Amino acid sequence: MKVVGLNLDIIWKNKTENFKLIENELQNAEADIFLLPEMFSTGFCMDASEVSDRNNESLEFLKKISKEKNAAFCGSAPVEQNGNFYNRMYFVQPDGTISFYDKRHLFSFSGEDKVYTPGKDRVIVEYKGIRFLLQVCYDLRFPVFARNNDDYDAILYVANWPEKRVGAWEHLLKARAIENLSFVFGLNRIGTDGNNLFYQESSHCFFGDGKEISQKHGNLVSAELYMEELKDFRKHFQFLNDRDSFSIEF
């Protein structure tokens, strides 16, 4: 399976222009799954009442482009629902099937927890024979929530992770791959946002042993996920069998 992530320089608070930019950047790209960054339509913005989707604008865009490209699309957007705001990660399939995960760990350092409502559900989506755990940015710092209970094969992280802390981002992505014997694809944005935070190119995909398997071409980051290779690796190194049992309370 081929996964392609777009290193997007998100235009601050401008959904229409971001949609156009994404279509242009992916015009000649082919993949089974395309990844877009966290809050790909607006940037990581705390002005939720101003930027949040009320009419499923970002979702409708994902449905449209997914059908056009005949590929699944995954990324997060600010959404308003029943008077609450969510940082919602969508996984949209070309046949119109929609799954979503609401970001669980809200970034209190920026005040995200004062604006958005945390999700509670751990979401795994199966697509073309691979099980994907959906995660957003700050979730990366909390390994318990992402612990592999032998129920997924890959983790997809979408993020707005600034350059000044990018070392943590890259080390933790590799750690999640190693400890969970899983593919881990972390897609970060690039450029400078409306808060004057800079984001360097730092998207990666790791195999279950921590080896990087992604390739970069311009603003695109791609990786081939070979399930037989992962199955053989897990069969040889059966570390997940020794994992601790626990439950999470919300």
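First things first, this report covers the structure right here in the doc. Just so it is clear, the model here is predicted, and its values are computed rather than measured. (Residues numbered from 1 in each chain as written. Predicted model: local features only at pLDDT ≥ 70, side-chain atom pairs only at ≥ 80, totals over all residues. Heavy atoms only, no water.)

Considering the overall build of the protein chain
Then, number 1: Along its length, the protein chain carries six helices and 14 strands.
Then, number 2: Relative to a compact globule of 250 residues, whose C-alpha radius of gyration would be 18 Å, the protein chain shows 17 Å and is just as compact.
Then, number 3: For the protein chain, the spread of C-alpha atoms along the principal axes amounts to about 50 × 40 × 35 Å.
Then, number 4: Counting only residues that meet the buried cut, the protein chain has 54% of its 250 residues in that class.
Then, number 5: Taking contacts inside the protein chain between residues at least 6 apart in sequence as the whole, the part at least 24 apart equals 65%.
Then, number 6: Surface summary for the protein chain: the accessible area is close to 11,200 Å², and the carbon and sulfur share equals 45%. (Helix = DSSP H or I, 4+ residues; strand = E, 2+ residues; numbered from the N terminus. Rg over C-alpha atoms; globule rule 2.2 N^0.38 Å. Buried < 20%, exposed > 50% of the residue type's maximum accessible area, 1.4 Å probe, protein only. Contact = heavy atoms within 4.5 Å. Areas by Shrake-Rupley, 256 points an atom, 1.4 Å probe, with all protein chains shown as cover.)

A word on a nonpolar patch on the surface
Then, number 1: A surface patch of nonpolar side chains, amounting to about 370 Å² of accessible area, comprises Val-144, Phe-246, Ile-248 and Phe-250.
Then, number 2: Within the secondary structure, Phe-250 sits in the segment after α6 (227-236). (Patch = residues over 30% accessible without salt bridge, like charges linked within 9 Å, V, L, I, M, F, W, Y side chains within 5 Å. Salt bridge = Lys/Arg side-chain N within 4 Å of Asp/Glu carboxyl O.)

A few points about the environment of Tyr-152
Then, number 1: Structurally, Tyr-152 can be placed in the loop between β7 (130-136) and β8 (154-159).
Then, number 2: Taking relative accessible area as the criterion, Tyr-152 reaches 0% and is therefore assigned buried.
Then, number 3: Distance in space between the C-alpha atoms of Tyr-152 and Phe-183 is 9.5 Å, their sequence separation being 31 residues.
Then, number 4: Residues contacting Tyr-152, with those up to four places away along its chain left out, are Arg-122, Ile-124, Arg-131, Leu-133, Ala-146, Arg-147, Asn-180, Ser-182 and Arg-234.

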